[in-house]
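# Examining the three-dimensional arrangement
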Amino acid sequence: MDIQTSSAVFWTCLKAVSIWVLSVLLAVPEAIFSQVINVPAQTESGDNITFANCVPYPLYNEMHPKIHSVLIFLVYFLIPLAIISVYYYHIARTLIKSAHDMPGELNDHTRRQMETRKRLAKIVLVFVGLFALCWFPNHVLYMYRSFHYHQTDLSLAHLVITLLARVLSFSSSCVNPFALYLLSESFRRHFNSQLKCGRGSRPERQPSYLRSTSHIRLTSIKKTAPTTPFATAANGMHKQEVAL
């Protein structure tokens, strides 16, 4: 987003509302066709029990749960993973190639730029891997249940696997900052400066190659707004990208 645009707030709100409206529309079929049914099951001791279960599809056709789980896997996981994998792969390849094709002698400035580009390439590839790792177990488990929805597994192992898969899927929304903290020196430095970490705040040191490059102007980020942890970290990451 270009924060200098006067209508930036309007377009941001419009995009957010559009995402929520689309999400609600995609959830309407499950809200209409979901139903609560009594599912027979057998415990490990051999006792027959019945418990209520909510299913998001009609059960008058055995193909419905199978089709539903496959579509969920494609739309929510496989297609997004394929798209971000292709784009992030090209980003990483461009960064690595540009790092090896940098003109001039191999001095400290060039080495720092090469390391920065390789580190950014590693970050975008790690993001793809984290997305796949967090969501794949949950989707596989859902497909397994949909293809065997007449059978109910009440074992402890199945319960543990279900909990781990759910925890991984929930953690996908907050795992990226932890990955940035481990992989990005700039993000880690700014994050620690915001937490103070038992020390007083130290002024940020600008890299020498940024000071010497007078024709580069940081026009997309202004320092007129109050500094926040996200803005400070984004400023540091932006400086790395501008150095490229």
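Residues numbered from 1 in each chain as written. Predicted model: local features only at pLDDT ≥ 70, side-chain atom pairs only at ≥ 80, totals over all residues. Heavy atoms only, no water.

The name an unreviewed UniProt entry assigns to the chain is G-protein coupled receptors family 1 profile domain-containing protein, from the organism Knipowitschia caucasica. Entered under Subcellular location (unreviewed entry) in the UniProt record, the comment concerning the chain runs "Cell membrane". (UniProt positions renumbered as here; feature names shortened; annotations may be inferred.)

## Here's the deal with the UniProt feature "transmembrane region" (unreviewed entry) in the chain
With numbering matched to this structure, UniProt assigns "transmembrane region" (unreviewed entry) to residues 7–28, 67–89, 120–144 and 156–183. The annotated region residues 67–89 carries 100% helix and 0% strand content, and the separation between its end C-alpha atoms amounts to 31 Å. (Helix = DSSP H or I, 4+ residues; strand = E, 2+ residues; numbered from the N terminus.)

## Examining the packing of aromatic side chains
For the structure shown, the criterion picks out six aromatic pairs. Ring geometry for Phe73 versus Phe77: centroids 5.4 Å apart, planes at 35°, classification tilted. Highlighted residues: Phe73 and Phe77, both in helix H2 (residues 63–100), separated by four residues, approximately one helical turn. Pairing Phe77 with Phe131 gives two aromatic rings, centres 6.0 Å apart and planes at 10°, and the pair type is stacked. (Phe/Tyr/Trp six-rings, centres within 6.5 Å; stacked < 30°, edge-to-face > 60°.)

## Quick look at the nonpolar core
Judged by nonpolar contacts, the single largest core of 13 residues is most densely connected at Ile123, Phe127 and Leu180. Elements represented by at least two residues in this core include exactly H2, helix H3 (108–147) and helix H5 (175–183). For this core, the element with the highest residue contribution is H3, accounting for seven residues. Filtering out sequence-adjacent residues up to four positions away, Phe127 remains in contact with Tyr88, Asn176, Ala179 and Leu180. (Core = buried A, V, L, I, M, F, W, Y, C linked by side-chain atoms within 4.5 Å. Buried < 20%, exposed > 50% of the residue type's maximum accessible area, 1.4 Å probe, protein only. Contact = heavy atoms within 4.5 Å.)

## Notes on H5
Within H5 the residues assigned to the buried category are Val175, Ala179 and Leu180. Buried residues of H5, seen end-on, are gathered within an arc of 140° and therefore sit on one face of the element. (Arc of directions from axis to C-beta.)

## Here we look at helix H4 (residues 156–171)
Given a rise of 1.5 Å per residue, 16 residues ought to cover 22 Å, and the 23 Å separating the end C-alpha atoms of H4 matches this to within 8%. Restricting attention to buried positions, one finds in H4 the residues His158, Thr162, Ala165 and Ser169. All buried residues of H4 lie within an arc of 70° about the axis, which places them on one face of the element. Away from the buried face of H4 by more than 90 degrees, exposed residues Leu156, Leu163, Leu164, Val167 and Phe170 are located. (Expected span 1.5 Å × (residues − 1).)

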